[in-house]
Amino acid sequence: MKGIKVIAGFACSILIILFLLIAFTENPEKALYEQTIKTLMLHKDVGSFQEVVEYYPELEDIHSKMKRIAYLNNHIQHITTGPAPIISKEESIRVQNFRLEVRQLQINVKEALTRLTTNYIATQTP
């Protein structure tokens, strides 16, 4: 009985740690996106996102892809949340397709932000 309590306490503490890690870790694409925007705002000496978008319209596309990533991640979490979610084969395939789309969008966002940053650095060098 004492062993079961220890195992249950250990399992609960692991779950709490995992929850905290998920809750407080920042999306790397979001951090890169925000840093790119700050850099471009300083470069063009503007004070708002809309002004930066006027100079760099591709930011609007990147922003919409990031919104799609957030939507898909939220949808995946909604389907798979619970102590023992019962997922049908069709839902499992949908979740797998959502995850593939998220990965592809993340790659696209990283590439686009890298291109923007590279173009910015290229214009800064004499």
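Residues numbered from 1 in each chain as written. Predicted model: local features only at pLDDT ≥ 70, side-chain atom pairs only at ≥ 80, totals over all residues. Heavy atoms only, no water.

Asks: When you look at the environment of Tyr55 in this model, what are you seeing that I'm missing?
Replies: Residue placement: Tyr55 occurs in helix H3 (residues 49-55). Residues Tyr55 and Met41, spaced 14 residues apart in sequence, show a C-alpha to C-alpha distance of 9.7 Å. (Helix = DSSP H or I, 4+ residues; strand = E, 2+ residues; numbered from the N terminus.)

Asks: For this particular structure, what's the right way to read the environment of Asn73?
Replies: Counting through the fold element by element, Asn73 comes out in helix H4 (residues 58-80). Here the alpha-carbon distance between Asn73 and Val102, two residues 29 residues apart in the chain, equals 7.6 Å.

Asks: Sorry if this is basic, but what is going on with the side chain of Thr36 here?
Replies: Position of Thr36 relative to the elements: it lies in helix H2 (residues 28-44). You can call Thr36 buried: its relative accessible area is 4%. Excluding anything up to four places from it in sequence, Thr36 contacts Leu113, Leu116 and Thr117. (Buried < 20%, exposed > 50% of the residue type's maximum accessible area, 1.4 Å probe, protein only. Contact = heavy atoms within 4.5 Å.)

Asks: Would you explain the pattern of salt bridges in this entry?
Replies: Oppositely charged side chains are able to pair whenever their charged atoms sit close together. The tally for this structure, following the rule as stated, stands at two salt bridges. With its nearest N and O atoms 3.5 Å apart, the salt bridge here joins Asp61 to Lys65. Here Asp61 and its partner Lys65 are both found in helix H4, four residues apart, which amounts to about one turn of the helix. Using a relative accessible area of 41% as the deciding quantity, one classes Asp61 as partly exposed. Arg68 is the partner of Glu101 in a salt bridge, and the nearest nitrogen-oxygen pair spans 3.0 Å. Of this pair, Glu101 sits in helix H5 (residues 89-124) while Arg68 is found in helix H4, placing the two residues 33 residues apart along the sequence. For Glu101, a relative accessible area of 28% gives the class partly exposed. (Salt bridge = Lys/Arg side-chain N within 4 Å of Asp/Glu carboxyl O.)

Note that every value here comes from positions in space, so none of it alone points to a role or purpose.
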